[in-house]
Amino acid sequence: MSTSVPEIVKSSENPGPIELTIIDKLVSSLKPSYLKIANDSHKHAHHAGLRGASNVTESHFRIEVVSSEFEGKNMPSRHRVVYQLLDDEFKNKGLHALQMKTKTQAEVAK
Amino acid sequence: MFSRGLLNSSRFVRRCHGTHSIHTNHQALANAVKTPRVQVRLLSTEIKEAIDKAVESSKVVLFMKGTPEFPQCGFSRATIQILGQQGVDPEVFAAYNVLEDPELREGIKEYSSWPTIPQLYVNKEFVGGCDIIMSMSKSGELAELLESSGALIPEEEEAPGSADVKVSERS
């Protein structure tokens, strides 16, 4: 059985290790038809919440995910699914904020 | 600038100015929190109860970075702006500054199973973070939720001292 190849838009030609992990985890668990990721870390490198942080180059990301895994889930549940997948990144790798647009295929088609 | 309309209301400011902080003497947890590698998921009963109280302290409760007057993070700022535009009644609003309190900052993440700040609660129910609030405000869901929860400024209210509040700015 063939599965469709997800369309993945990375933040740059050479994404950092955290971005690559995010992509890996989301792709393997959510099987998204579309995943776009942008790195906004530079906009936040000096803000109060990051005082003393060692990771300021891959701390803030913005993602758009289209996945059938989100069907029947409200927004907090969808975001929690993603947060849970990235638990280690948030707790141990200095991932600090994730802006999310989480949609199902049907919602995109509307 | 965020200091427009409702947010100029001195009641709003006063109400949230103290940004009640959660004090506990639980040294063990305090130490654990300060050691980033000790990633034990522990939310002591004491802290959980303190957060319970915070969540119950008002109809609309926001855990944020900084204060409503001086947000220290763009996402917290955006959320405060939206709540102001929606016409949230300062009388039923409370904000807690997680930057003032490391135990609250870590504790609220476990409490809500939500790793980021800000976090909004309405009538003790977790609503979401900045993205969700923003999208709910665009779709009209947030207005509905706040309305049905009785969290908006009463329409006919003309309390003394609130004449400068531009209710007409409500969408």
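Every value quoted in this text rests on a predicted model; they were computed, and no experiment measured them.

Q: Help me out: how do you make sense of the overall build of chain A in this one?
A: Looking only at helices and strands, chain A features 5 helices and 4 strands. Going from N to C terminus, chain A has its helices and strands arranged as β-α-β-α-β-α-α-β-α. Looking at chain A as a whole, 39% of its 110 residues are labelled buried. In chain A, the share of contacts with a sequence separation of at least 24, taken over all contacts with a separation of at least 6, comes to 66%. For chain A, the accessible area works out to roughly 6100 Å², and carbon and sulfur atoms hold 50% of it.

Q: Can you walk me through the overall build of chain B in this structure?
A: On a plain count of helices and strands, chain B comes out with 7 helices and 4 strands. When burial is assessed residue by residue, chain B has 50% of its 171 residues classed as buried. Nonlocal contacts in chain B, meaning residues at least 24 apart in sequence, comprise 69% of its contacts between residues at least 6 apart. Element-wise, carbon and sulfur atoms account for 50% of the exposed surface of chain B, whose accessible area totals about 8500 Å².

Q: Is there a simple way to think about the pairing of strand β4 (residues 125-128) of chain B in this case?
A: Where a strand is regular, its side chains alternate between the two sheet faces. When strand β3 (residues 119-122) of chain B meets β4(B), the two strands line up antiparallel, connected through 3 bridges. Following the sheet pairing, Val122(B) is matched in β4(B) by Glu125(B).

Q: For this particular structure, what's the right way to read the interface of chain B and chain A?
A: When the parts come together, some accessible area is lost, and that loss is often what is quoted as the size of the interface. Each partner contributes residues to the interface: chain B has 21 residues there, and chain A has 19 residues. Carbon and sulfur atoms supply 57% of the area that chain B and chain A bury against each other, a total of about 1700 Å² over both sides. In this assembly, chain B and chain A are joined by 1 salt bridge. Of the charged contacts in the structure, one is a salt bridge between Glu110(B) and Lys91(A), with a shortest N-O distance of 3.5 Å. Between the two partners, chain B and chain A, sit 5 residue pairs in polar contact (both at pLDDT 80 or more). Elements supplying a minimum of two residues to the side of chain B that touches chain A: α5 (102-112), β4 and α6 (130-139) of chain B. For the side of chain B that touches chain A, the per-class residue count stands at 9 nonpolar, 6 polar and 6 charged.

Q: Got a minute to help me understand a positive patch on the surface in this structure?
A: A cluster of basic residues, Lys36(A), Lys101(A), Lys103(A) and Lys138(B), forms a positive patch on the protein surface. Considering the arrangement of structural elements, one finds Lys103(A) in strand β4 (residues 97-103). Judged by its relative accessible area of 40%, Lys103(A) is partly exposed.

Q: What is the right way to read the nonpolar core from this model?
A: Here is a general trend for soluble globular proteins: nonpolar side chains tend to be buried in one another's company. Counting 53 residues, the largest nonpolar core has Val82(A), Leu98(A) and Phe63(B) as the members making the most contacts within it. Listed in part, the 5 residues of the second largest apolar core include Ala97(A), Cys73(B), Ala78(B) and Cys130(B).

Q: What is the right way to read the sheet that holds β3(B) from this model?
A: Within a beta sheet, neighbouring strands are joined by backbone hydrogen bonds and run either parallel or antiparallel to one another. Residues and elements named next belong to chain B. Read across the open sheet, the 4 strands follow the order β2-β1-β3-β4; overall the sheet is mixed. The outermost strands of the open sheet, each flanked by one partner alone, are β2 (93-97) and β4. Between one strand axis and the next, the sheet turns by 25° as a mean value, whatever way the strands run. Those strands touched by helix α3 (residues 45-56) are β1 (60-64), β2 and β3, and its axis lies near 125° from that of β1.

Q: How do you make sense of helix α4 (residues 74-86) of chain B when you look at a structure like this?
A: Since the α-helix packs 3.6 residues into each turn, any two residues three or four apart lie on the same face. Residues and elements named next belong to chain B. For α4, with 13 residues, the first-to-last C-alpha span of 18 Å sits near the 18 Å given by 1.5 Å per residue. Looking at α4, one finds that the buried residues are Phe75, Ser76, Ala78, Thr79, Ile80, Ile82, Leu83, Gly84 and Gln86. In the segment just after α4, glycine 87 is the residue with positive phi, at about 90°.

Calculation rules
Residues numbered from 1 in each chain as written. Chains lettered and ligands numbered in written order. Predicted model: local features only at pLDDT ≥ 70, side-chain atom pairs only at ≥ 80, totals over all residues. Heavy atoms only, no water. Helix = DSSP H or I, 4+ residues; strand = E, 2+ residues; numbered from the N terminus. Buried < 20%, exposed > 50% of the residue type's maximum accessible area, 1.4 Å probe, protein only. Contact = heavy atoms within 4.5 Å. Areas by Shrake-Rupley, 256 points an atom, 1.4 Å probe, with all protein chains shown as cover. Pairing = 2+ DSSP bridges. Buried area = accessible area lost by both parts, 1.4 Å probe. Salt bridge = Lys/Arg side-chain N within 4 Å of Asp/Glu carboxyl O. Polar contact = N/O pair within 3.5 Å; in protein donor to acceptor, adjacent residues only side chain to side chain. Nonpolar A, V, L, I, M, F, W, Y, C, P; charged D, E, K, R; others polar. Patch = residues over 30% accessible without salt bridge, like charges linked within 9 Å, V, L, I, M, F, W, Y side chains within 5 Å. Lys, Arg positive; Asp, Glu negative; His and termini not counted. Charge placed at Lys NZ, Arg CZ, Asp CG, Glu CD. Core = buried A, V, L, I, M, F, W, Y, C linked by side-chain atoms within 4.5 Å. Axes fitted to C-alpha atoms, helices over the stretch in contact; angles between N-to-C directions. Expected span 1.5 Å × (residues − 1).

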